[in-house]
Amino acid sequence: MSSSQSLVFAINGERFELSSVDPSTTLLEFLRTRTTFKGAKLGCGEGGCGACVVLLSKYDPVSGEVEDKSVSSCLTLLCAIHLCSITTSEGLAITTGDRFHAVHRRLAGFHASQCGFCSPGVCVSIFAALAAADRSSPPPPEGHSNLPAAAAAEAISGNLCRCTGYRPIVDACRSFAVDFDLEDLGVNAFWRRGAAAADLLPRYAAAAVCTFPDFLKTEAAASASVAASLQIQQSWYAPRSLKELRRILLAASSEARIKLVSGNTSAGVHRDLNRYDSYVDLGGISELTGIKHGDGNEFLEIGGAVSISSAIEALEEDGDAVFGKLAAHMKKVASPFVRNTASIGGNLVLAQRGNFPSDMATILLAAGASIALAVDAGTIDLSLENFFKLPPVDRREILVNVRIPRGVNNGGAVSFFETFRAAPRPLGNAIAYVNAAFSVLVNNGHVESSRLVFGAYGTRHATRAKNVEEFIAGKKINARVILEAIQILRQEIIPDQGTKHADYRVSAAVGFLFKFLSHLEEEHVKNQWDIIPSQISSTKFHNNQDLIQDRSLTSRQDIEEGVDFQPVGQALKKVGAELQASGEAVYVDDIPSPPGCLYSAFVYGDRPSAINEVKLGEMDKVVAYITAADIPAGGKNVGAAGFTGDSPLFGVGAADCAGQPLGIVVAETQKVANFCAQKAEIVYGGALVPPPIMSVEEAEERSSFFELPPFMKPPTEIGDFKEGVNAAEEKILSAEVVLGSQYYFYMETQTALAVPDEDGCIVVYGSLQVPEDTQHIIAKCLGVPSHNVRVITRRVGGGFGGKAFRGMPVAVACALAAHKLRRPVRMYLDRKTDMVMAGGRHPMKVTYSVWFKHTGKITALETKILIDAGSTRDISPALPINIAGTLKKYDWGATWMEFKVCRTNLPSRSAMRAPGEVQGSFIAEAIVEHVAVVLKVDPEAVRAINMHTYNSFQQFYTAAAGTPLGFTLPMVVDRVAEVAEWQRRREEVNVFNQSSRWVKRGISHIPVVMPVTVRSTPARVAILGDGSIVVEVGGVELGQGLWTKAAQMTAFSLGQLFDGRIDLLERVRVMQADTLSLVQGGYTAGSTTSESSCAAVQLACAELVSRLLPLKNSLLQLSDSLSWESLIQQAKFKSVNLSSGMLFKPEPDAVMYVNYGAAISEVEVDLLTGMTTILRSDLVYDGGKSLNPAVDLGQIEGAFVQGIGFFMCEEYLTNKDGLVTSDGTWTYKIPTVDNIPREFNVELLSSGPHQQRVLSSKASGEPPLLLSLSVHCATRAAIRAAREDLSLSPVFQLDVPATMPVVKKLCGFDNIETHLRAAISQSP
Ligand SMILES: Cc1cc2nc3c(=O)[nH]c(=O)nc-3n(C[C@H](O)[C@H](O)[C@H](O)COP(=O)(O)OP(=O)(O)OC[C@H]3O[C@@H](n4cnc5c(N)ncnc54)[C@H](O)[C@@H]3O)c2cc1C
Ligand code: FES
Ligand code: FES
């Protein structure tokens, strides 16, 4: 075999040649550690988030064509890109010679980048979709793309964004389409409303980006002519034929650890920690890469190494109806950038080896596919069914190709083929709970034969339901046959022991069969269906599927820009948004490693237990193992601050809970550190004493609570509770609701870099919401004064509260290791460790009793809330006051609230966006809905009668209630009813539900009330000699637009020197947070940091104005005009102090104020799968006089979608030992573009003036999250309608999150049988 010994490729037009490479190196690892390109980010390492997406381009020397496709660089192996070209987000601009590409500029201009960590990946996904569309002829009209607007959501369907809520990203993408009305695009920085014009958009030229440099074309052509296969040392082989492959495998010793790879995407499926001696790439083997039609065009043969994307194209091109259905289903497998490399063969081999919930296996089995398998003795043909019966294939067996037969329509027999899938994200990027595919041959109204296949429901392989197949054979389909078929199916598909949601999976499978057979009957058999009441087969039954397929999104945003304090109040784009989009923005992990830098990873236990020892394997690779024993004399074992006490950095001799760090492994690379930490063996030493507490009930029983300091205790009683109880006519006693947790899923996991400095000092770069406290904790841990510790935070790739106290341990651990080893030490948590250690939102158990009148007026409410704080205090003591703050949203007459902050041996919980407030609001709505059900009235009637008046509001909120003018709640509630056409749509929903059996709708209208606290915050504004301005603020830029607002405030405030007639905005730069430069920085949390930072900036600027004004006036006496530059030059010359630092301190009666909003959401629930589709959400939020309405709009939409995650889809679960089991993108599903409302309307109400608020502005970071409760309440309404049909009790609690299994269960796991039996019994 001739071989090339070097790996050659290009990145952003730059040539790379490597003669030796560790074959396990991923493209992402190479990009981030060996190049200057940092646009591709590590978000998950599993193919599940899209942060690492790059463009991979291949050149075909024969056709001269370049093929571009997006791929996840975290899964793509470096050696697999031989003679390929890679374009990262920064490369989109580099190769055009411009600083930013139109994609970057439009993403920024549509306000679609907040923290920005997802943005480079999003840009590449968008660009890849444009490039693919524009390859087609005819070329797109100038400035546009051929990408249809409707395909915009598909383009970004695999990219997670935790900040924006996706709507603006979709708008940025469809701004390129020709078939889209510019007027319908969302708020953007290119035009004001009504002024939309294509030439205002940054120019897009379809073929401007050179994705494949000429030099590489020449090399690729030369290599093709030699037809040589690649071999890099003894570690990477890329044979070109099966024969060569066999030779390589035969030459290897039997002990050699060889990994065959095709797309290597299975690395995202199984976190494979094994090490291999060599890799063999199947992707270049000619027998595995072809697609052709078989003899007589009876089947399509697809090579085993063909990507799923290419298979989809071939199937669609063919035009066969069955192929079309297969392609449509395949488009729901993973995401575009995974499908682009994931091979059909790799998928089927994963499925064959067992326990992989494959879609391909299910649909291809139903289609009657067969495979060719190369074994030692030659190539054998096997049906897929028989392939699955073989023992798991090993490295000597190669799946050469798959043959898919066409649908049969002959001799009067008609074939029907359909596929189904129930998954948390309807259109992809989520493994199915269950999938199915059915192929049925019907002859003369009778079933001739069938293949009914079910997969992913908890068995080794997809299986045929043969008993059902036998049963229906020869029969005409009718209700009785369907019922019996379903009953047989229930006996036939039995999930393995321990399968999660087993009942749900079976029930959804039953739903698929029912849907298919009844559709078949209705459309094609037409015999005895009339024995079933018509609503069973109502038309909506099928239309729902159309709804799922339809990805079109509509939206409306109403904002009002302020004119009084310009540029404050203007909807300016976020500072640095283009930098973020292009990948130029520097996050902690993008800071180049200093010389001698080491890398570290946490070792943690998987249960609360005494610990005897931690054994590290591969000690030769470990530079150090740092534990509490390494804390220097005078230092303390502290890792994080808390509201009322610190928590330890490392467990000593014991772990209080699963996930508690015990030490850190330090190594020469992050990969080795992670590997050694994961392989560490913990020798447990028996149970903790006293025994661990694993639930809030146990904590209560054993009186294990964290004490609340008096100032954190909410009042127990409001109003006269006894009197309220006595005034009631009805009551509900001791009802219970339980709330789960939620994980932050910031796209950038916890990270820090600590660099030791002279004289015992240290500089720590952290991704932190609380740099100041982190500084003090590091100092405390090291036993040094705080002035020895400088903590710097430039920007944070998403925080949501998780980088407040939970961000500290990473920074402290790095600092400790750096201090001890006298070398820089960094850490970037892998997603799993981050999820295990993060803690997240507080779970809680609520018991309530409520007393009310027949009118629905509630007179008294008693709540007892057990909060699971976990093992340390953290923020938990603040929870009661936060919960109470929103629980009081209604006028309960009188309340009695009891809170217990339970200390358990579960992971310590922390602040997450609206901590406690979101639960408080939920509890209030659960109570209102319960009362409504008991009284048999609409929940909205109970809401209305218990809505606060200003008087009752004052009673419940005392000083925070503000003035009557500022009490805009009633106005906001009415406004949303008006814009959402509440009355009409509520009626329509009722009408719909009466005629729809299998799809129910629900609509809900809820108010939001949330107090926030304003804290003191510093700022410093300095004017440099050239007139440029530098601003430091206490808060940290998390994506919330703090820097943008601070810059606007600086420009406005200093502009006062010239009566506001000068635009200083371009001269302002807001600096990173630096704890030694600006002290008392405080927390960036609680939604008010932007406004208080702006207030401090305003003060600092006012001081500068007062210093400069006399000079300005004196200069103007000498000259008619004065420029900013001249003023500053003169000021410098005259030694005017051009730097001003101020601490803003709110007035005592302005410390707390209340925010108002209201939402109406309408959902549709598919009763067969439990899937909830949000048809429309209308939000109205009172932002006061917004400092920047575009930024605030982004906060509202982003928070709302994050709330949808909490209420509807994010299950943050632990096992019995408290170890987090939702530990990656596979098991934890945040919303994607597929989960957002189909119609999403937001109005940012401009109210005010508001005395004591910063220029009359109000908070926007957290309160809008509570608006998403409307989706949960609407889902409850839809379920109620479903239960009414089944005569089930209307009293039920809808858990949070209301996942598909939860919803389906409440709609009845056996609802189909119930309906069928009822129908049959009524038939003649
Ligand atoms: C984020 C994500 C989401 C996903 N979602 C879904 C989903 O919803 N539904 C679904 O069905 N799948 C899903 N997948 C799985 C995906 O389809 C498979 O990972 C992929 O098809 C495997 O192909 P590959 O070429 O990358 O295989 P590789 O990872 O390269 O190989 C997988 C295994 O198969 C072996 N192998 C590969 N090709 C052959 C061959 N021709 N002959 C013999 N052995 C071979 C390899 O040795 C290896 O052990 C998802 C994957 C990811 C990463
Ligand atoms: S980091 Fe590659 S997909 Fe998440
Ligand atoms: S902007 Fe998308 S994750 Fe922050």
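Residues numbered from 1 in each chain as written. Chains lettered and ligands numbered in written order. Predicted model: local features only at pLDDT ≥ 70, side-chain atom pairs only at ≥ 80, totals over all residues. Heavy atoms only, no water.

1. Structural notes on helix H14 (residues 344–353)
Inference 1: Counting buried residues in H14 gives 8 out of 10 residues, a clear majority hidden from the surface.
Inference 2: Of all the residues in H14, the buried ones are Ile 344, Gly 345, Asn 347, Leu 348, Val 349, Leu 350, Ala 351 and Gln 352.
Inference 3: Phi for Gly 354, located one or two positions after H14, is positive at around 110°. (Buried < 20%, exposed > 50% of the residue type's maximum accessible area, 1.4 Å probe, protein only. Helix = DSSP H or I, 4+ residues; strand = E, 2+ residues; numbered from the N terminus.)

2. Topic: the confidence of the model for the protein chain
Inference 1: Averaged over every residue, the pLDDT of the protein chain is 93; residues scoring 70 or more account for 97%.
Inference 2: Overall, residues 527–545 carries pLDDT values under 50, and its contacts beyond four positions in sequence, including any with other chains, amount to 52 contacts. (pLDDT = per-residue confidence, 0-100. Contact = heavy atoms within 4.5 Å.)

3. Brief notes about the sheet that holds strand E3 (residues 14–18)
Inference 1: The 5 strands lie next to each other as E3-E2-E6-E4-E5, forming an open sheet whose pairing is mixed. The strands lining the two open edges of the sheet, one partner per strand, are E3 and strand E5 (65–72). The sheet shows a mean angle of 25° between the axes of neighbouring strands, taken without regard to direction.
Inference 2: Relative to E3, strand E2 (residues 7–11) is paired through 5 bridges, and the arrangement is antiparallel. Note on E3: the bridge partner recorded for Phe 9 is Phe 16. (Pairing = 2+ DSSP bridges. Axes fitted to C-alpha atoms, helices over the stretch in contact; angles between N-to-C directions.)

4. Let's talk about the site of ligand 1
Inference 1: Of all residues adjacent to ligand 1, which total 37 residues, the nearest are Ser 262, Thr 265, Ser 266, Ser 343 and Arg 353.
Inference 2: Ser 266 places a side-chain nitrogen or oxygen 2.5 Å from an oxygen atom of ligand 1.
Inference 3: The side chain of Arg 353 places a nitrogen or oxygen atom 2.6 Å from an oxygen atom of ligand 1.
Inference 4: In isolation ligand 1 has 970 Å² of accessible area, and contact with the protein removes 97% of it.
Inference 5: Of all the elements in the fold, those that place two or more residues in the shell around ligand 1 are strand E9 (258–261), helix H9 (266–269), H14, helix H15 (359–366) and strand E15 (398–405).
Inference 6: Looking at the shell around ligand 1 element by element, the count peaks at 6 residues for H14. (Near = heavy atom within 4 Å. Polar contact = N/O pair within 3.5 Å; in protein donor to acceptor, adjacent residues only side chain to side chain. Areas by Shrake-Rupley, 256 points an atom, 1.4 Å probe, with all protein chains shown as cover.)

5. Things to note about the sheet that holds strand E24 (residues 654–655)
Inference 1: Ordered by their spatial adjacency, 3 strands build an open sheet running E24-E22-E26, and the pairing between neighbours is antiparallel. Both edges of this open sheet fall to E24 and strand E26 (681–684), since each of them pairs with a single strand only.

6. Quick word on the environment of Leu 365
Inference 1: Relative to the helices and strands, Leu 365 resides in helix H15.
Inference 2: A residue is classified by how much of its surface remains accessible, and Leu 365, at 2% relative accessible area, is buried.
Inference 3: For the pair formed by Leu 365 and Ala 437, sequence separation is 72 residues and the distance between their alpha carbons is 8.2 Å.

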